[in-house]
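Below, each chain spelled out in residue letters.
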Amino acid sequence: MKTIRLKHIQALFTATLSAFALMGCDSLNIDNLESYDESMVWSDAKMATAYVNNLYSECFGNWNSGADANSEEITGVPWKLGTITETGTDYKKWDYTTIRHINEAIERISNSNISKDVADNLLGQAFFMRAYTYYYMVGYHGGVPYVTTPQEHGKDSLNVKRNSTKECFDFICADLDRAIQLLPEKIAASSDDYGRIDQCFARSWKAKTLLLKASPLFNPHHPYDNPYWKEAYAAAKDAYDFCLAHGISLTPNYSDIWLQEKGPEVIFAVVNSNPNKTSYYAASTRPASVSRGVNSANPTWEFIKEVPMADGKRFDDPTGKYYVGTENELLKSFWKNRDPRLYSVCFWNGSLYPVAGKPSNYRQYNALGICSGDDQYGTNPNAHTNAVNNDAYTGFYNYKGADMKLTQETCLTYDIDYVLMRLSEVMFIYAEAANENGHTDVAVDMLKLIRKRAGIEPGSDGLYGLKAGNREETRQAILDERAIELCFEGHRFWDLRRARKMMELNGLVKHGIEAIAINPDGSEMDITEAHNKAEQFELTTEDFKYVLHTTPLTPASEKAFYLEEKYYFFPIQKKTIDINPNIQQNKDWGGTFNPTME
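Computed from a predicted structure; not experimentally measured.

A. Representation of the nonpolar core. The biggest cluster of nonpolar side chains holds 172 residues, and the ones touching the most others in it are Phe60, Phe128, Met129, Phe201, Phe303, Phe334 and Leu420. Counting residues per element, this core draws most heavily on helix H5 (residues 116–141), which supplies 14 residues. When near neighbours in sequence (up to four residues on either side) are disregarded, Phe334 contacts Trp301, Ile304, Leu342, Trp348, Phe396, Ile513, Thr541 and Tyr546.

Have a look at this one:
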């Protein structure tokens, strides 16, 4: 008997048993869980499928409320002096355990005797997952060893060298092309296979990969005049056209993208289902008084400022229909006449908050002295109390994907599907590649469609407030629009880095806003009166004045972002090089390896 050499299989079987139970399958009937005859797995379609299914949890994440803490969009100061070092673990991607598991599947299924249609589908998924995993490693470090055969446990990459960055991109695209040839074109929302990889996802990810390859990040001396933009455009157009041809379309209502699961815009979603798979997302974004802990990932004033007005123009654009003027003026009326997406992703002091378990007229407050101590934010001396979470709060809350049907007691059962890729992202990829290939009109059309769906007013010129008169303006418009449309989904820092604009974040200090109740004449309301009115939900957002505070608010806390140019490529961890001296360090970190395409 030949025993499978992957110890991974042992841990797999707990998940496999659960997966089979969900699929209505009989038990595995394995006598000895310490060792397995490989024929028991790779000659059995159900076992092989269960193995590949388990790879999904290794490759794909889930809701992450702190995904944009490394940008200006939500709270957090992750970039401090010494954040990234050669010895530390931060911003390292070296996922060769996952690669080994994927390669094992590819090798075994390729040589199995399971039916060709099942084998091809499983191989297509595995090839995609290998490309997907390498995409992030290359995105972090540049070229890495592109290992395509299973290695012994504990010996991954011991004697291999780094492939060049160009070779890695070529290998990633080759794997994606293999996947495209083997996968079904589109898995229907009604299918039992919903949540698995199909051609729509693979073609879209290939476009995303080639966009990264062509980007200024990898081509610093030829950011927009390199030959890779042409192939990025071809892949993006193919992905967009293919998705449309297979029924994928923008969800009419922006907020419904998440709340109406299996919606028309979804290209790939991580399927959640209580109690088998849930997320802590709700508990970490809700106000603490209706949650099970402190809400730790809150939108910042910096994000609120950047959201356009209802006509699509900035608050300080004097040509705008809703021109406000200065930032101080915006602070007095930040909730008025804004891009409708703002109300789908954020709420604030005085907002109606229709959460289960509360009265129908419930309003959420965070003003010091007038609301639950769990929610209070600020330093108002007239409140005669101290807020205990000033380092976590901003006066704003994340409303994106919020499930209002969950009570405080059930918020830990949050199980809305996590949409990993959707059509609007493909449209941004298409727009960016089109713009750099002389098709600025196509790029603007994509942006207009996204803004039209958002509910922004078209304006007399039909441009929805866009400033996109030439290639450079359109390039910036795409980046800015991504920041709003894809907010809190973990894109912002990586978009700035890909565009080589990461250093715009250097020195960033984030802010929140404190609410202080006022009388109609603008004077501060007696705190007892304000508290009594809040108890009856009588105070609206307009019944307060707002004061800016840095966040975190504690004076001793570090506040400013500290980034360095060499963060455009992160170092290989020293212990990896110690184990394998054939691995060269990146040149900006004392080594000789050039992680760019140049």
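Now that the structure is up, let's keep going.
B. Summary view of the packing of H5 against helix H6 (residues 165–182). At their nearest, the axes of H5 and H6 sit 8 Å apart, and the two run at 155° to each other. One finds that H5 runs roughly antiparallel with respect to H6. By crossing handedness, the relation of H5 to H6 is classed as left-handed. Along its contact with H5, which presents Asp120, Asn121, Leu123, Gly124, Phe127, Phe128, Arg130, Ala131, Tyr134, Tyr135 and Val138, the element H6 presents Thr165, Cys168, Phe169, Ile172, Asp175, Leu176, Arg178, Ala179 and Leu182. Here the contact of H5 with H6 is built from residues that sort into 13 nonpolar, three polar and four charged.

C. Highlighting H6. Its 18 residues give H6 an end-to-end C-alpha distance of 26 Å, which sits within 8% of 26 Å, the value for a rise of 1.5 Å per residue. Residues Thr165, Cys168, Phe169, Ile172, Cys173, Asp175, Leu176, Ala179 and Ile180 constitute the buried set of H6. Taken around the axis of H6, the buried residues stretch over an arc of 155°, which confines them to a single face. Buried residues belonging to H6 abut H5 and helix H7 (199–214).

D. Inspection of the pattern of salt bridges at higher detail. Enumeration according to the criterion identifies 41 salt bridges in this entry. With a shortest N-O distance of 2.9 Å, Arg341 and Glu485 are connected by a salt bridge. Here Arg341, found in helix H13 (residues 341–345), pairs with Glu485, found in helix H16 (residues 471–485); they are 144 residues apart in sequence, far enough to count as distant. The exposure class assigned to Arg341 is buried, which follows from its relative accessible area of 1%. Several salt bridges converge on common partners, so that one network encompasses Glu265, Asp339, Arg341, Lys400, Arg422, Arg451, Arg453, Glu481, Glu485 and Glu489.

E. Structural context of the environment of Pro223. Take Pro223: it is sitting in the loop between H7 and helix H8 (228–245). Each C-alpha atom of the pair Pro223 and Cys411 lies 45 Å from the other, and the pair is 188 residues apart in sequence. Here Pro223 is in contact with Ala214, Ser215, Pro216 and Trp229, once residues within four sequence places are set aside.

F. Geometry of the packing of aromatic side chains. One pass over the full model with this rule turns up 58 aromatic pairs. A centroid spacing of 5.0 Å and a plane angle of 45° characterise the contact between Tyr91 and Phe570, whose relative ring orientation is tilted. Separated by 479 residues along the polypeptide, Tyr91 in the loop between helix H3 (45–59) and helix H4 (96–110) and Phe570 in the loop between strand S8 (544–551) and helix H19 (574–579) bring together distant segments of the chain. Here Phe570 falls in the buried class, since its relative accessible area comes to 0%. A centroid spacing of 5.3 Å and a plane angle of 85° characterise the contact between Tyr254 and Trp258, whose relative ring orientation is edge-to-face. Taken together, Tyr56, Phe60, Phe128, Tyr132, Tyr135, Tyr136, Phe201, Trp205 and Phe268 form an aromatic cluster joined through their ring pairs.

Basis of the calculations
- Residues numbered from 1 in each chain as written.
- Predicted model: local features only at pLDDT ≥ 70, side-chain atom pairs only at ≥ 80, totals over all residues.
- Heavy atoms only, no water.
- Core = buried A, V, L, I, M, F, W, Y, C linked by side-chain atoms within 4.5 Å.
- Buried < 20%, exposed > 50% of the residue type's maximum accessible area, 1.4 Å probe, protein only.
- Helix = DSSP H or I, 4+ residues; strand = E, 2+ residues; numbered from the N terminus.
- Contact = heavy atoms within 4.5 Å.
- Axes fitted to C-alpha atoms, helices over the stretch in contact; angles between N-to-C directions.
- Parallel < 35°, antiparallel > 145°, perpendicular 65-115°, else oblique.
- Left-handed = near helix turned anticlockwise from the far one by under 90°.
- Nonpolar A, V, L, I, M, F, W, Y, C, P; charged D, E, K, R; others polar.
- Expected span 1.5 Å × (residues − 1).
- Arc of directions from axis to C-beta.
- Salt bridge = Lys/Arg side-chain N within 4 Å of Asp/Glu carboxyl O.
- Phe/Tyr/Trp six-rings, centres within 6.5 Å; stacked < 30°, edge-to-face > 60°.

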